[in-house]
Amino acid sequence: LGFFSGYGGRTQTPVVDGDRLIVTFVSSSWGELGPPRHRLFAFDKQTGELIWVSTPGGPPADLNTQTTPVIANIDGRRLAIGGNADGWVYAVDARTGEKVWGFHLSKIALNTTVAVGPDGTVYAAHAEENIALITRFLRAGIDVSSTAMTPWVWPTMHLNPPNWIEPITEAC
C-alpha cells in the first residue's frame, strides 16, 4: 500500500490482536478501495504486510470519525466491533475481515468506542443525530448471540435490561 492516511490525516488508535495490528479510518484510493469508505486494515504486526481490508459499510455520512474497534470473542468467533462513519456499528471477523453483522445507530458518523459486556452484549452510545425521534441521545444494547438485535433507548428506562450499566462501569 505504501503511505496511506485517513481523511485529513486522521487515523484511529490501532488495536493489536494476536499477530495482527488493526487500524481503522475513512480512506479512498484506487480500484476497489476507490470510493471513500470507513475501512479496517489488518497488518502483520511483525512485517507490516497487509493481511486484509474490510469495508463493512456504505458511504460516510461524516468524514470526522474517531472510533476504535474492540476485539471480543462472541459465540466462538473473534470479532472486531466498532462504530463507522456511516452511522452504523459493525462487527467483522478479526481473522478475515468478513462482515458478521451491522446495526444502524446514528444519522452521522460515530465517535465513541463500543463496550462489550461479559454476556456478549454490545453497548454503543453517541450524542449526535439519532435515527429515532428522541432527545439527543440514543444508547443501544445489541444481543449479538441471537438473531434479535433489540435497541434499548434511553431515557425510556423500562426498555433497558436489568443492570445495563454494570458492563460499562466495570470497564471503566
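Reference entry: report on the structure contained in this document. (Residues numbered from 1 in each chain as written. Predicted model: local features only at pLDDT ≥ 70, side-chain atom pairs only at ≥ 80, totals over all residues. Heavy atoms only, no water.)

1. Topic: the nonpolar core
Then, number 1: If you look at the biggest cluster of nonpolar residues, it comprises 13 residues, and the most contacted ones within it are L79, I81, V89, W101, L105 and V114.
Then, number 2: If you list the elements that add at least two residues to this core, you get β5 (70-74), β6 (77-83), β7 (88-93), β8 (99-104) and β10 (121-126).
Then, number 3: If you look at the next biggest cluster of nonpolar residues, it comprises 6 residues, including I22, L40, A80 and V92. (Core = buried A, V, L, I, M, F, W, Y, C linked by side-chain atoms within 4.5 Å. Buried < 20%, exposed > 50% of the residue type's maximum accessible area, 1.4 Å probe, protein only. Helix = DSSP H or I, 4+ residues; strand = E, 2+ residues; numbered from the N terminus.)

2. Remarks on the side chain of D44
Then, number 1: Tracing the backbone through its elements, the reader meets D44 in strand β3 (residues 37-44).
Then, number 2: No salt bridge forms around the buried D44; measuring N to O, its nearest opposite-charge neighbour K45 is 8.4 Å away.
Then, number 3: At 2.9 Å, the side chain of D44 forms a polar contact with the backbone nitrogen of T47.
Then, number 4: Sequence-distant contacts of D44, defined by excluding residues within four places in its chain, comprise D19, E49 and I51. (Lys, Arg positive; Asp, Glu negative; His and termini not counted. Salt bridge = Lys/Arg side-chain N within 4 Å of Asp/Glu carboxyl O. Polar contact = N/O pair within 3.5 Å; in protein donor to acceptor, adjacent residues only side chain to side chain. Contact = heavy atoms within 4.5 Å.)

3. Examining the pattern of salt bridges
Then, number 1: Under the counting rule described, the total for this entry stands at 6 salt bridges.
Then, number 2: Between R20 and D17 there is a salt bridge, with its nearest N and O atoms 2.5 Å apart. Taken individually, R20 and D17 each receive the classification buried, so the pair is uniform in this respect.
Then, number 3: Residue class for R20 comes out buried when judged on its relative accessible area of 4%.
Then, number 4: Each of D17, D19, R20, R78 and R95 takes part in one network of salt bridges that share partners.

4. Describing the environment of A61
Then, number 1: With respect to the helices, strands and loops of the structure, A61 is situated in the loop between β4 (50-54) and β5.
Then, number 2: Residues A61 and G87, 26 residues apart in the sequence, show an inter-C-alpha distance of 6.9 Å.
Then, number 3: Residue contacts for A61: discarding those within four places in its chain leaves A85, D86, K107, I108 and A109.

5. Digging into the sheet that holds β3
Then, number 1: Strand order in the open sheet formed by 4 strands is β1-β2-β3-β4, with antiparallel pairing between adjacent strands. Looking at which strands have only one partner, the edges of the open sheet turn out to be β1 (15-17) and β4. Strand-to-strand twist in this sheet, taken as the mean axis angle between neighbours without regard to direction, amounts to 25°.
Then, number 2: In terms of strand pairing, β3 meets β4 through 4 bridges, oriented antiparallel. Paired with A42 across the two strands is W52, which belongs to β4. (Pairing = 2+ DSSP bridges. Axes fitted to C-alpha atoms, helices over the stretch in contact; angles between N-to-C directions.)

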